[in-house]
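Okay, here's what each chain looks like letter by letter:
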Amino acid sequence: LTACGSGGSSGSSGGAITLGFAQVGAESGWRTANTKSIQESAKTAGIELKFSDAQQKQENQISAIRSYIQQKVKVIAFSPVVESGWDTVLKEAKTANIPVILTDRAIDSPDKSLYKTFLGSDFVAEGKKAGEWLTKEFGSATGQVNIVELQGTTGSAPANDRKKGFADVIAADPKYKIVASQTGEFTRAKGKEVMEAFLKSQPKIDVLYAHNDDMALGAIEAIEAAGKVPGKDIKIVSVDGVKDALQALADGKINHVVECNPLLGPQLMDLVKKVAAGEQVPARIETQETEFDQASAKAALPQRQY
Ligand code: GYE
């Protein structure tokens with residue numbers, strides 16, 4: 001046995017910051033990339049990560065947060081599955097003096113003292129970008145433009161905000177009409193299922209707006225199965241920018257993709273260190289992102305990590 005002089009080698013008790021992270025689930029390619037980014041950057045930053053997957057259920061996230069409070073982690077971070085209903089559990093964290101960081105999705109609580117910062121995208125801006133692409137693409141169309149919309153998880157910030165941003169832009173011209181809009185829960189399977197129903201109930205669909213790529217990719221299967229050509233008979237715009245969607249864009253099956261960056265891990269770990277040290281952090285940190293058309297998707301694909 002060696003003397004204890006070098007210390008610290010026995011792992012977690014050597015002063016490493018413990019972070020409890022309550023993830024939404026594994027519903028999409030975006031989410032998988034986000035989880036990987038968080039796990040890898042925690043490791044790089046020397047932060048001890050306790051990670052849970054809520055399978056898109058708020059009650060699971062609440063119990064994960066409660067267990068992190070009980071375990072006395074140093075910092076809690078989470079991506080809230082829906083916007084409402086967090087005050088009680090966040091007050092419990094506050095009482096226990098555990099700082100909370102929101103990542104990716106916001107909450108609608110007016111009490112801003114319940115969390116230190118919110119790191120993530122501007123989802124209203126993303127919806128607007130999708131709407132702007134559409135109004136350009138169909139600018140010279142003379143008749144009514146029939147739009148179907150696949151919404152994200154009901155009550156989630158990205159579903160609410162992407163719907164709103166898009167609606168605000170297309171409201172400028174009454175020829176744009178959302179003829180059907182339903183949740184596809186941000187998954188491929190549900191996107192396919194709901195698109196099948198849209199294709200049966202709607203005699204004429206000009207364009208699909210999907211709140212994420214996975215639902216668009218599921219919908220493409222439904223469109224092809226119905227004997228139609230995605231990207232031509234029905235134009236498609238979606239949000240995220242995962243590899244499979246950029247490939248579909250390069251292949252002409254999707255027409256436009258608005259990027260939402262899932263690689264939040266490194267920035268999150270910086271914030272964790274700062275709030276653990278009691279430092280002030282900005283109340284809102286926005287992610288930088290772009291948009292893809294066919295040419296830029298082809299250019300981006302070889303280096304795309306997710
Ligand atoms: O767009 C979707 C995922 O909250 C931004 O959640 C995230 C969204 C993302 O399931 O693919």
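Worth saying up front: this structure is predicted, and the values here are computed from it rather than measured. (Residues numbered from 1 in each chain as written. Predicted model: local features only at pLDDT ≥ 70, side-chain atom pairs only at ≥ 80, totals over all residues. Heavy atoms only, no water.)

Asker: What's the story with empty space enclosed by the protein in this structure? I'm lost.
Answerer: Gaps left between atoms show up when a probe the size of a water molecule is rolled over them. Taken as a whole and judged by the stated rule, the model has one cavity of 30 Å³ or more. Here the largest cavity defines a volume of roughly 90 Å³. Looking at the largest cavity, it is lined by 13 residues, and the ones nearest its centre are W30, R31, R105, R162 and F186. Counting residues per element, the ones that place at least two in the lining of the largest cavity are α1 (29-45) and α5 (157-170). Broken down by class, the residue content of the lining of the largest cavity amounts to five nonpolar, two polar and six charged. (1 Å grid on protein atoms, 1.4 Å probe; cavity = no way out; pocket = protein on both sides within 12 Å on 5 of 7 lines; lining within 4 Å. Points joined across faces, edges and corners; volume = space filled by probe spheres on them. Helix = DSSP H or I, 4+ residues; strand = E, 2+ residues; numbered from the N terminus. Nonpolar A, V, L, I, M, F, W, Y, C, P; charged D, E, K, R; others polar.)

Asker: Can you walk me through the pattern of salt bridges in this structure?
Answerer: Close approach of charged atoms allows side chains of opposite charge to pair. Taken as a whole and judged by the stated rule, the model has 18 salt bridges. Between E27 and R31 there is a salt bridge whose closest N-O contact spans 2.9 Å. Residues K190 and E193 are paired through a salt bridge, measuring 3.4 Å at the closest nitrogen-oxygen approach. Here E193 and K190 lie together in helix α6 (residues 188-201), a separation of three residues that amounts to about one turn. One salt-bridge network, in which partners are shared between bridges, spans E27, R31, D104 and R105. (Salt bridge = Lys/Arg side-chain N within 4 Å of Asp/Glu carboxyl O.)

Asker: I'm lost on α5 in this one. Help?
Answerer: Since one α-helical turn is 3.6 residues long, residues separated by three or four positions face the same way. With 14 residues, α5 should reach 20 Å at 1.5 Å per residue; the first-to-last C-alpha distance of 20 Å fits that figure. Buried residues of α5: A157, P158, A159, R162, G165, F166, V169 and I170, and no others. Packed against the buried residues of α5 are α4 (123-137), β6 (145-151), β7 (176-183), β8 (207-210) and β9 (235-240). (Expected span 1.5 Å × (residues − 1). Buried < 20%, exposed > 50% of the residue type's maximum accessible area, 1.4 Å probe, protein only. Contact = heavy atoms within 4.5 Å.)

Asker: Before we go on, may I ask you to explain the packing of helix α7 (residues 213-225) against helix α8 (residues 243-250) in this structure?
Answerer: Two packed helices can be described by the angle between their axes and the distance between those axes. Interaxial distance between α7 and α8 falls to 9 Å at its minimum, and their mutual angle equals 50°. Overall, the two elements α7 and α8 adopt an arrangement that is oblique. Where α7 crosses over α8, the two elements pack in a sense that is left-handed. Within the contact between the two elements, α7 uses D213, L217 and I220 and α8 uses D244, A245 and A248. Residue classes in the contact of α7 with α8 are distributed as four nonpolar, no polar and two charged. (Axes fitted to C-alpha atoms, helices over the stretch in contact; angles between N-to-C directions. Parallel < 35°, antiparallel > 145°, perpendicular 65-115°, else oblique. Left-handed = near helix turned anticlockwise from the far one by under 90°.)

Asker: In this structure, what is going on with the site of the ligand? I would like to understand it.
Answerer: Close contacts around the ligand come from 13 residues, with E27, D104, R105, N212 and D240 the closest. One of the side-chain nitrogen or oxygen atoms of E27 is found 2.5 Å away from an oxygen atom of the ligand. The side chain of R105 places a nitrogen or oxygen atom 2.7 Å from an oxygen atom of the ligand. Within the complex, the protein chains bury 100% of what would otherwise be the 300 Å² of accessible surface of the ligand. The cavity that encloses the ligand is the largest cavity. (Near = heavy atom within 4 Å. Polar contact = N/O pair within 3.5 Å; in protein donor to acceptor, adjacent residues only side chain to side chain. Areas by Shrake-Rupley, 256 points an atom, 1.4 Å probe, with all protein chains shown as cover. Sits in = over half its atoms within 2 Å of the grid points.)

Asker: Please clarify how the packing of aromatic side chains should be interpreted in this entry.
Answerer: The geometry of an aromatic ring pair is captured by two quantities: the separation of the ring centres and the angle between the planes. Counted by the stated rule, this structure contains three aromatic pairs. Summarising the aromatic geometry, the rings of F21 and F51 are spaced 5.9 Å apart at their centres and angled 10° between planes, so their arrangement reads as stacked. Of this pair, F21 sits in strand β1 (residues 18-23) while F51 sits in strand β2 (residues 48-53), and the two are 30 residues apart along the sequence. Taking the relative accessible area as the measure of exposure, F21 reaches 0% and is therefore buried. When the centroid spacing of 4.0 Å and the interplanar angle of 20° are considered together, the rings of F166 and Y209 count as stacked. Here Y209 lies in strand β8 and F166 lies in helix α5, a separation of 43 residues in the sequence. The pair formed by F166 and Y209 is uniform in burial state, with each residue classed as buried. (Phe/Tyr/Trp six-rings, centres within 6.5 Å; stacked < 30°, edge-to-face > 60°.)

Remember, this is a structural readout, not a statement about activity or role.
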